[in-house]
Structure formats: structure tokens, C-alpha cells
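Tertiary structure, described
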Amino acid sequence: MIKRILALCLGTWQVFGQVTDGNTPLHLIPPAYPHAYGKATPASIKEDLDKIYTYLNAVTPMELVDKNTGRSLKSPTTNAMFKKGDYRLFSYEWGVTYSAMLTAAEVSGDSRYKEYALQRMQYLSQLAAYYKSNSSLEEQKSSPVASILHPHALDDAGALGMAMIKGLNTQNKGQLTPVIEHLLDFIMNKEYRLPDGTFARNRPLKNTVWLDDMFMSVPAIAYMGKLTGEKKYFDEATKQVKQFSQRMFDTQKNIFIHGWLEESAVQPKFHWGRANGWAIMAITELLTVLPKEHPDRSVIMDLYLKHVQGLAALQSGSGFWHQLLDKSDTYLETSATAIFTYSICKGINEGWLDYEAFGPMVLLAWEALSTQITPDGKVTGTCVGTGMGFDPAFYYYRPVNPYAAHSYGPMLLAGSEVMKLLKNRSYGINETAVQFLQR
């Protein structure tokens, strides 16, 4: 009907020479959106995800080579290193990517994604077992899997630990379980904490709490609770979220600050996008597995809903979010946008959020994200790794790079959840606006 009216309008314009309120229903003129609007389908999303998969599968070889000669090795040695690819196989970014591959396989039915994740996680576990049994302590610390055997920070343990728990099955239980238990032991018993138990770092200053660490710890702990059935893990996960939020959640804006300094009476308030992404993704993953009867579930859900409201108010007109969320003169950033899209859309699919109210914004966000996928599967517009800064310029001018690994897992997660939404909910265009339809 709308197309017919617009066609009539065009004919009227051709007769009268210009569009006016008298000859045209102006409210039906299609806006000049900067990218596709209301066009996404499960099939188009799968095409985008396939580009990313094909690229990553080609540039993350699962192979050891000799450090000196570069020749391929059939078995591990003390002089081995991973064959160079575009990305590392076990960074925290790749822990997110393995989790995302498992989700993409579940939603799309394409087993290649699952095989990508399981093959690499099992390979890492096999190498860890080999070097632990056959190498001295010094050799372990210089091995290709040194940070798995001897993690130094939550970055080394949390995301990979969660992914391995998600990928655990009867066939690989003997391979993955020792690494899972080792990584969770580090998180629970060895990582540095403040006196009240909150995870912290001693950089850039003593006793600094980084918002990023909510994700680097909480989801792995929560999934360990699901795996073991032990309440202590759920209690620890909810405790961390509560204590992080007490220090860092800005109740005026309903978003988080990036860092908190124990010895500072007034905190620097920089609302960095990706750190807020890590926070809401941690909360989302926790809510996914936290038992409904847990006494803290309502507190965690309330925080999630407030954070979603804060983020929704700050989405740009193009669908992206900004590098500093509340600073519209900072650049539009891909990884934060992808994480928010996943976390909000996951909330819709889980029934925590109204699909009619929040469906259009996640569809807009996905269609913006789709423009950042190159024909060969790279993801552009991603802020590189970022520590904590105490002035705005630090965040304003962080470089972006297509080889920043932080967007690949979130893009796969975002696409998968939007695909799932579109398989279950229909949308249409009403007066040129996306509207999700009741069934």
C-alpha cells in the first residue's frame, strides 16, 4: 500500500514539478538513512556471519612451528611457537570468539562454527597437558601456552574458561576439564583483590578497579556454578557484580565509569563504550545461568534493566554507540555497539525486555554493524586495546584498526541473537519506521 501511494506521489510530482504538502503525503517519503534500514533477514545475517567465519578460519592456523626455522612441527617441542596468523588463539578476545562461534552454530545450525571453536580449544588443552607433563617450570613459561599454564591476570583466564565450559561435552571432557579447573582456581583463589574481595589491579595505580574485569571474571565463575551446581560460584559472581556496581555505576546516567581508584575521593568519570560493553555482557551471561531462586537475581536484573535504559538513551541516530558513550563528538565504535546489540537482543530473546520496544533499536544497530564487515570478512571501526586513562584525549584519540580482535566475537554474538529474534518475531515498516508485530 505504501509503495502504491509513493508511486502515485511520484506521478504527482512529475505533473506538478515539485513535492508539496498539497500533492504528497510527506510523512511517507522514505528518509535518507545512512545505511540499509529495515532490510535485515536471517539469511542476510547468515551471509555476514559466514564472511567473518571464512576469514577467521583462514587466518588463525592451528599449527606449531619451530621458532628458529619456521618449519612446521608434527609434535610439541621446547622450541615451538604458534604459526603466525592475524590473531592469537587464546587471548581473552578469542575466548569471546570461541563462545560466539558456539552460539552461531546453535542459532544457525551450521556446524562449521562449532568445529572451529572446539578444535582450537581442544588443541590448546592438549598442548597445555603436554607442556605441564613434559617440561620444566622455565620451559612452561616460554611455551606457546604459557599464559594458560601460568595466568597472570583475569584476561588470561576468564573468557577462555567460560568458552571451554560452554564447549564441554562427553567427548572432550578429559581434555578441557583440567584447563577449566586450573583457570577457575586462578580466578577464585589467586587473582589480586581489594580487602572486601573485589577484583582489582595495581596498574596504572595501586588498588584500581577496572570495569573490564567484571567480564574477565564473572561469566566464567557463573558458568562454573552451572557446571558444578555449587552455589558458592553463583554467590561469588553476584557479589562481584554488586561490588563493582556500587563503586562504578553512575546512577545519574545509568551507565558505568571505566575505572575506580581506592585512594581517590573523587573518581574520574569517563564512560568508555567497550568497558560498558564488558559490564553488560557479564551481567547478561550471569542472568542466563543464575538460578531463578537465587536471592540476588532481582538485584542483578534491576541493574541490567537500568543499564539497558541508559544505553538506549545514548544510541546514535545511525545505530552505533560512541567511543565515550555520553560524548557525541567521539567516534562511533564497532566493538561496543556489537556487545550492546548482543546483550540487549539476548534480553529480548530471554523475555527480560519487551521486543516491541527494544526490537527496532537492536535491528538498527545490527544494520549499522553490517556496514563494518568488509567483503573479505574483516571487521572495521574497532578501538584497539585500551588501558585506563585520566583525561578525555586518551579515549578520544585511541586508534581504530581492522586487526583489533575485540569485535569478532561480539559481531558473531550480535548477529546470532538478531538472527534468533527475526526467526521468532516478525517486523514491518509502518510509516517508514521499523515496528515489530504482535502474533
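Residues numbered from 1 in each chain as written. Predicted model: local features only at pLDDT ≥ 70, side-chain atom pairs only at ≥ 80, totals over all residues. Heavy atoms only, no water.

1. A look at the overall build of the protein chain
Filter applied, for reference: A run of H or I in DSSP becomes a helix once it reaches four residues, and a run of E becomes a strand once it reaches two; helices and strands are each numbered from the N terminus. The rule is simple: take the accessible area with a 1.4 Å probe, protein chains only, and divide by the maximum for that residue type; under 20% is buried, over 50% is exposed, in between is partly exposed. Only the protein chains shown count as covering a residue, and every accessible area follows the Shrake-Rupley method with a 1.4 Å probe. This count recognises Lys and Arg as positive and Asp and Glu as negative, with His and chain-terminal groups excluded. Taken as the charge location is NZ of Lys, CZ of Arg, CG of Asp or CD of Glu.
A tally of helices and strands in the protein chain yields 16 helices and ten strands. The dimensions of the protein chain, computed from C-alpha atoms along their principal axes, are 85 × 55 × 45 Å. Out of the 439 residues in the protein chain, the part that is buried amounts to 56%. Accessible surface, the protein chain: about 18,900 Å² in total, of which carbon and sulfur atoms supply 52%. Distance from the positive charge centre (43 side chains) to the negative charge centre (42 side chains) of the protein chain: 3 Å.

2. So, unusual backbone geometry
The linkage connecting Arg203 with the following residue, Pro204, adopts the cis geometry, with an omega of 0 degrees. By secondary structure assignment, the location of Pro204 is in the loop between helix H8 (173-189) and strand S3 (208-210). With a phi close to 60 degrees, Asn254 is a non-glycine residue in the positive phi region. When you line up the elements, Asn254 lands in the loop between strand S4 (249-250) and strand S5 (255-256). A positive phi angle, near 50 degrees, is found at Glu431, a position not held by glycine. Position of Glu431 relative to the elements: it lies in the loop between strand S9 (427-430) and strand S10 (433-436).

3. Here's the deal with the environment of Thr78
Rules: Only heavy atoms enter the contact rule, under which two residues are in contact if any of them lie within 4.5 Å.
The topology assignment puts Thr78 in the loop between strand S1 (64-66) and strand S2 (80-82). Along the chain, Thr78 and Trp321 lie 243 residues apart, while their C-alpha atoms are 46 Å from each other. Sequence-distant contacts of Thr78, that is, excluding residues within four places in its chain, are made with Lys67 and Glu139.

4. Some words on the nonpolar core
Condition: Grouping buried Ala, Val, Leu, Ile, Met, Phe, Trp, Tyr and Cys residues that are joined through side-chain atoms within 4.5 Å yields what is termed a nonpolar core.
Tyr98 and Met214 are the most contacted members of the largest nonpolar core, which has 142 residues in total. Beyond its immediate sequence surroundings of up to four residues, Tyr98 is in contact with Leu89, Tyr116, Ala117, Arg120, Met121, Leu124, Leu160 and Ala163.

5. Some words on the confidence of the model for the protein chain
Note the following rule: Each residue carries a pLDDT score, the predictor's confidence in it, ranging from 0 to 100.
Confidence along the protein chain averages 94 in pLDDT terms, with 96% of residues attaining 70 or more. When the criterion is pLDDT under 50, residues 1-16 qualifies, and its contacts beyond four places in sequence or with other chains add up to 14 contacts.

6. A short note on the pairing of S9
The criterion, for reference: Here, strands pair whenever DSSP counts at least two bridges between them.
Bridging between S9 and S10 involves four bridges; their strand directions are antiparallel. Its bridge partner lying in S10, Tyr427 is registered against Phe436.

7. Some words on the pairing of S10
On S10, burial follows the alternation: Val434 and Phe436 on one face are buried, whereas Ala433 and Gln435 on the facing-out side are not. Remark: two residues form the turn of the hairpin made by S9 and S10, two consecutive strands paired antiparallel; Glu431 in that turn has positive phi of roughly 50 degrees.

8. So, the side chain of Gln323
Mapped onto the fold, Gln323 is located in the loop between strand S7 (321-322) and strand S8 (332-333). On the basis of relative accessibility, which here comes to 1%, the residue Gln323 falls in the buried class. Ignoring any residue separated from it by four or fewer positions in sequence, one finds Gln323 in contact with His271, Trp272, Gly273, Thr330, Tyr331, Glu333, Cys383, Tyr395 and Arg398.

9. Comments concerning a nonpolar patch on the surface
Applicable threshold: Patches in this entry comprise residues that are over 30% relatively accessible and not in a salt bridge; like charges within 9 Å are linked, as are nonpolar side chains (Val, Leu, Ile, Met, Phe, Trp, Tyr) within 5 Å. One side-chain nitrogen of Lys or Arg within 4 Å of one carboxyl oxygen of Asp or Glu is enough to make a salt bridge.
Among the surface-exposed residues, Val19, Leu26 and Ile29 lie close enough to one another that they form a single nonpolar patch of about 220 Å² accessible area. Here Val19 lies in the loop between helix H1 (2-16) and helix H2 (42-59).

10. Quick notes on the packing of helix H4 (residues 111-134) against H8
Rule in force here: Whenever a helix is involved, its axis is fitted only over the stretch in contact; in every case the axis is a line through C-alpha atoms, and angles between N-to-C directions fall within 0 to 180 degrees. With respect to orientation, any angle under 35 degrees is reported as roughly parallel, any angle over 145 as roughly antiparallel, any angle of 65 to 115 as roughly perpendicular, and every other angle as oblique. Polar here means any residue other than Ala, Val, Leu, Ile, Met, Phe, Trp, Tyr, Cys and Pro, which are nonpolar, and Asp, Glu, Lys and Arg, which are charged; Gly is therefore polar.
Where H4 contacts H8, the axes come no closer than 9 Å and their chain directions differ by 70 degrees. It follows that H4 is roughly perpendicular to H8 by the angle criterion. Facing H4, whose interface residues are Met121, Gln122, Ser125, Gln126 and Ala128, H8 presents Gln175, Leu176 and Val179. For the contact of H4 with H8, the residue count by class is four nonpolar, four polar and no charged.

11. Focus: the pattern of salt bridges
In total, this model carries 21 salt bridges according to the counting rule given. Residue Glu350 is joined to Lys346 by a salt bridge in which the shortest nitrogen-to-oxygen separation is 3.2 Å. Here Glu350 pairs with Lys346, and both are found in helix H13 (residues 334-350), just four residues apart, close to one helical turn. Here Glu350 falls in the partly exposed class, since its relative accessible area comes to 34%. With relative accessibility at 11%, the residue Lys346 sits in the buried group. Among the charged side chains, a salt-bridge network with shared partners connects Lys46, Asp50, Asp110 and Arg112.

12. A closer look at the side chain of Thr330
Applied cut-off: Any N or O atom pair separated by 3.5 Å or less is treated as a polar contact, with the protein-specific requirement of one donor-capable and one acceptor-capable atom, and with residues adjacent in sequence counted only for side-chain atom pairs.
Position of Thr330 relative to the elements: it lies in the loop between S7 and S8. Engagement of the side chain of Thr330 in a polar contact is seen with the backbone nitrogen of Leu324, the distance being 3.2 Å. The contact partners of Thr330, leaving out residues within four places of it in the chain, are His322, Gln323, Leu324 and Tyr396.

13. Side note on the packing of H13 against helix H16 (residues 408-424)
Rules: Take the far helix as the reference: if the near one is turned anticlockwise from it by less than a right angle, the crossing is left-handed, and if turned clockwise, right-handed.
Between H13 and H16, the least distance of the axes is 8 Å, while the angle of their chain directions is 35 degrees. Crossing of H13 over H16 shows left-handed handedness. Where H13 abuts H16, its residues Thr334, Ser335, Ala338, Ile339, Thr341, Tyr342, Cys345, Lys346, Ile348 and Asn349 lie against Pro410, Met411, Leu413, Ala414, Glu417, Val418, Lys420 and Leu421. Of the residues assigned to the contact of H13 with H16, the class counts are eleven nonpolar, four polar and three charged.

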